[in-house]
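Residue-level listing of the chains:
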Amino acid sequence: MFIALLARSRNGVHSIKKSSKLFLNPTRTMSSSVSPPLLLSPSQLRGLLPSDNAKSGTLRILDATWFMPNSPRNPHEEFIQKRISGANFLDLDKVASPHELGLKHMMPTEEAFAQACERFGIEPSSHVVIYDSHGVFSSPRALFMFRAFGHHNSSILDGGLPRWEAEGFPVATEPPVQANHSSYPTPILDKGAIRSYEQVVSNSFPDPLADPAVELVVDARSQGRYIGTDPEPRPGMSSGHIPHSFSLPFNKFLKSHTAPTQYTTFLPVPELLKALIDAIGADQAELVIQGKRSITASCGSGMTAGVLWLGLKLLAAPKIAIYDESWTGYASRSSSKIIKPAN
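Residues numbered from 1 in each chain as written. Predicted model: local features only at pLDDT ≥ 70, side-chain atom pairs only at ≥ 80, totals over all residues. Heavy atoms only, no water.

## Comments concerning the packing of helix α9 (residues 269–280) against helix α10 (residues 282–289)
Argument step 1. Packing of α9 against α10 leaves a shortest axis separation of 7 Å and a crossing angle of 120 degrees. Relative to α10, α9 is oriented oblique. Here α9 and α10 pass one another in a crossing that is right-handed. Taking contact as the criterion, the partners of L273, L276, I277 and I280 in α9 are, on α10, A282, Q284, A285, V288 and I289.
Argument step 2. Counted by class, the contact of α9 with α10 contains eight nonpolar, one polar and no charged residues. (Axes fitted to C-alpha atoms, helices over the stretch in contact; angles between N-to-C directions. Helix = DSSP H or I, 4+ residues; strand = E, 2+ residues; numbered from the N terminus. Parallel < 35°, antiparallel > 145°, perpendicular 65-115°, else oblique. Left-handed = near helix turned anticlockwise from the far one by under 90°. Contact = heavy atoms within 4.5 Å. Nonpolar A, V, L, I, M, F, W, Y, C, P; charged D, E, K, R; others polar.)

## A look at the packing of aromatic side chains
Any two aromatic rings considered together are summarised by their centre-to-centre distance and by the angle between their planes.
Argument step 1. Summed over the entire model, instances satisfying the criterion amount to ten aromatic pairs.
Argument step 2. With centroids separated by 5.9 Å and ring planes inclined at 55 degrees, the aromatic side chains of Y197 and Y330 adopt a geometry described as tilted. Residue Y197 is located in helix α7 (residues 197–204), and its partner Y330 is located in helix α12 (residues 326–331); the two are separated by 133 residues in the primary sequence. You'll find Y197 and Y330 in the same group, each marked buried.
Argument step 3. A network of ring pairs unites the aromatic residues F113, F146, F149 and Y184 as a single cluster.
Argument step 4. Sitting above the plane of the F79 ring, R83 keeps its charged end 5.3 Å from the centroid.
Argument step 5. One cation-aromatic arrangement involves R333 over Y197; the distance from NZ or CZ to the ring centre is 4.1 Å. (Phe/Tyr/Trp six-rings, centres within 6.5 Å; stacked < 30°, edge-to-face > 60°. Buried < 20%, exposed > 50% of the residue type's maximum accessible area, 1.4 Å probe, protein only. Lys NZ or Arg CZ within 6 Å of the ring centre and 35° of its normal.)

## So, empty space enclosed by the protein
Argument step 1. In the structure shown here, the tally under the stated rule is two cavities of 30 Å³ or more.
Argument step 2. Here the largest cavity defines a volume of roughly 50 Å³.
Argument step 3. Around the largest cavity sit V200, N203, S204, P206, P208, V214, E215, V217, I242, P243, H244 and S245, which together line it.
Argument step 4. Here the lining of the largest cavity takes three residues from α7, the largest share from any one element.
Argument step 5. Classifying every residue of the lining of the largest cavity by side-chain character gives seven nonpolar, four polar and one charged.
Argument step 6. By volume, the second largest cavity amounts to about 40 Å³.
Argument step 7. Around the second largest cavity sit L92, V95, H105, M106, P108, R141 and M145, which together line it.
Argument step 8. Here the lining of the second largest cavity is built from residues that sort into five nonpolar, one polar and one charged. (1 Å grid on protein atoms, 1.4 Å probe; cavity = no way out; pocket = protein on both sides within 12 Å on 5 of 7 lines; lining within 4 Å. Points joined across faces, edges and corners; volume = space filled by probe spheres on them.)

That is the geometry; function is a separate question.
This is the structure:
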């Protein structure tokens, strides 16, 4: 199926650029004979639940809720109070590798990932479904982790716990039951899924629009943090952005719902494409989706970069990575060059 590439017309209204088309295959991203869908609706998840989920060896549900460091909310306490039946809590700050700068939720080692899977009763054949209590916020980062370790039998619940409740499905409020331990062989991390500080710095010198070998970097933080007018949520940290990176706030990939409760879901594929084009331009978007150009997602700490990663996966872009440290790691180093166009 061909979807015509959207481009800005001279009068500022989006029109069809007939000379350039992107090959998008929504069936490859939304459904696949190899992997389950990247996104599940509440009714789809409900259809997967057995009558006694605790005894199911094929489905495992994880609550991967995470809050910003300046939030008073505690995700684990909220999980204890309310969850989808049979879910376990995935603490992305604990299933993580230590970092020299003290950064949180860095990609875990292969051994740590396998041990976490065993604690959750996950086997290599298990279908892992991940949700969060925002709708879409931290669950894509958790999905990124599973897929980077080769566990492609994984999805997120689009709209998370609030959409689940809004559509009338029940939640569990009794004390959670720990899953029976399983056996999970140590996987191999796809090293191409992660970018290091050194790689990002080296990539930031040349202009990507002048050199096709340079990776595009898209920044999921707000526009104000990107241009340096708004403060970072982490005290004492400079805002601004990596040289030659592009601003693509993660909420540009999401639709907000307010009734009967507030939550977010992913936009339809054509609207994801429009948001990508608005950020990096029609020509670059075409190259990214055709696999002729690599793209790396960054954010504040490596969490909402997962939203961009998943949106790009839904667009069938084949060469996507995440800068694991993201802005917190980059701006913490005095040697980093920070761009602030607002100054």
